[in-house]
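# Secondary and tertiary structure notes
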Amino acid sequence: FAGLPGLSLALRRQSPRRHAGLLTPSFVMLAMASLHRGATRGILALVLLLVGVLGPTMLMWAQRYKFEIRGPWDIAHVAASAARPGTPTLAAPAVTPTPPAPSA
């Protein structure tokens, strides 16, 4: 549809699924027709099958082993620069140190 953008746009507006369902197979057929040797066509078909079917299948299979780790690194703390006086900070208030005990 690169040569007919008006047709592509009209088809996409009418039905996005039909647009993808027509566009993808037509590009695959065009790519396979442009290859001259049968072995190269077979390699292309195998790669498309692996990427289009095996890849998503492996992703869904791997989702079973996914877990979420929570820790102190998850939350970002925003703090304003302390270089300018009078700048409000969003961090926790500073703790004033206690003076040392007098030595005897």
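Because the structure is predicted, anything quoted here is derived from the model rather than measured. (Residues numbered from 1 in each chain as written. Predicted model: local features only at pLDDT ≥ 70, side-chain atom pairs only at ≥ 80, totals over all residues. Heavy atoms only, no water.)

## Re the overall build of the chain
Summing up its helical and strand segments, the chain has three helices and zero strands in all. The linear arrangement of helices and strands in the chain, starting from the amino end, is α-α-α. When the 104 residues of the chain are sorted by exposure, 5% land in the buried category. Working note: accessible area of the chain is about 9,600 Å², and carbon and sulfur atoms make up 70% of it. (Helix = DSSP H or I, 4+ residues; strand = E, 2+ residues; numbered from the N terminus. Buried < 20%, exposed > 50% of the residue type's maximum accessible area, 1.4 Å probe, protein only. Areas by Shrake-Rupley, 256 points an atom, 1.4 Å probe, with all protein chains shown as cover.)

## Looking at the packing of aromatic side chains
Aromatic ring pairs: the centre-centre distance and the angle between the two ring planes describe each pair. Here the structure, examined in full by the defined rule, presents one aromatic pair. Ring geometry for W61 against Y65: centres 5.3 Å apart, planes inclined by 70°, an arrangement best described as edge-to-face. On the basis of relative accessible area, Y65 is assigned to the exposed category, the value being 53%. (Phe/Tyr/Trp six-rings, centres within 6.5 Å; stacked < 30°, edge-to-face > 60°.)

## Considerations on a nonpolar patch on the surface
Residues I43, L46, V47, L49, L50, V51, V53, L54 and M58 make up a contiguous nonpolar surface patch of roughly 840 Å² in combined accessible area. What makes V53 partly exposed here is its relative accessible area of 47%. (Patch = residues over 30% accessible without salt bridge, like charges linked within 9 Å, V, L, I, M, F, W, Y side chains within 5 Å. Salt bridge = Lys/Arg side-chain N within 4 Å of Asp/Glu carboxyl O.)

## Regarding the packing of helix α1 (residues 5-14) against helix α2 (residues 16-34)
The geometry of α1 relative to α2 is characterised by a closest axis approach of 5 Å and an angle of 130° between their N-to-C directions. For the element pair α1 / α2, the angle class is oblique. Contact residues: α1 offers S8, L11, R12 and Q14, while α2 offers P16, R18, H19 and L22. Taken together, the residues of the contact of α1 with α2 sort by class into three nonpolar, three polar and two charged. (Axes fitted to C-alpha atoms, helices over the stretch in contact; angles between N-to-C directions. Parallel < 35°, antiparallel > 145°, perpendicular 65-115°, else oblique. Contact = heavy atoms within 4.5 Å. Nonpolar A, V, L, I, M, F, W, Y, C, P; charged D, E, K, R; others polar.)

## Examining the confidence of the model for the chain
Taken as a whole, the chain shows an average pLDDT of 75; of its residues, 66% reach a score of 70 or greater. By mean pLDDT, the top-scoring element of the chain is helix α3 (residues 38-62) (86), and the lowest-scoring one is α2 (82). (pLDDT = per-residue confidence, 0-100.)

## Observations concerning the packing of α2 against α3
What describes two packed helices is the angle between their axes and the distance between those same axes. Direction vectors running N to C along α2 and α3 enclose 150°, while the axes themselves pass 9 Å from each other. Compared by their axis directions, α2 and α3 come out roughly antiparallel. Handedness of the α2/α3 crossing: right-handed. Residues V28, A31, M32 and A33 of α2 form the contact with α3, whose participating residues are R41, L44, A45 and L48. (Left-handed = near helix turned anticlockwise from the far one by under 90°.)

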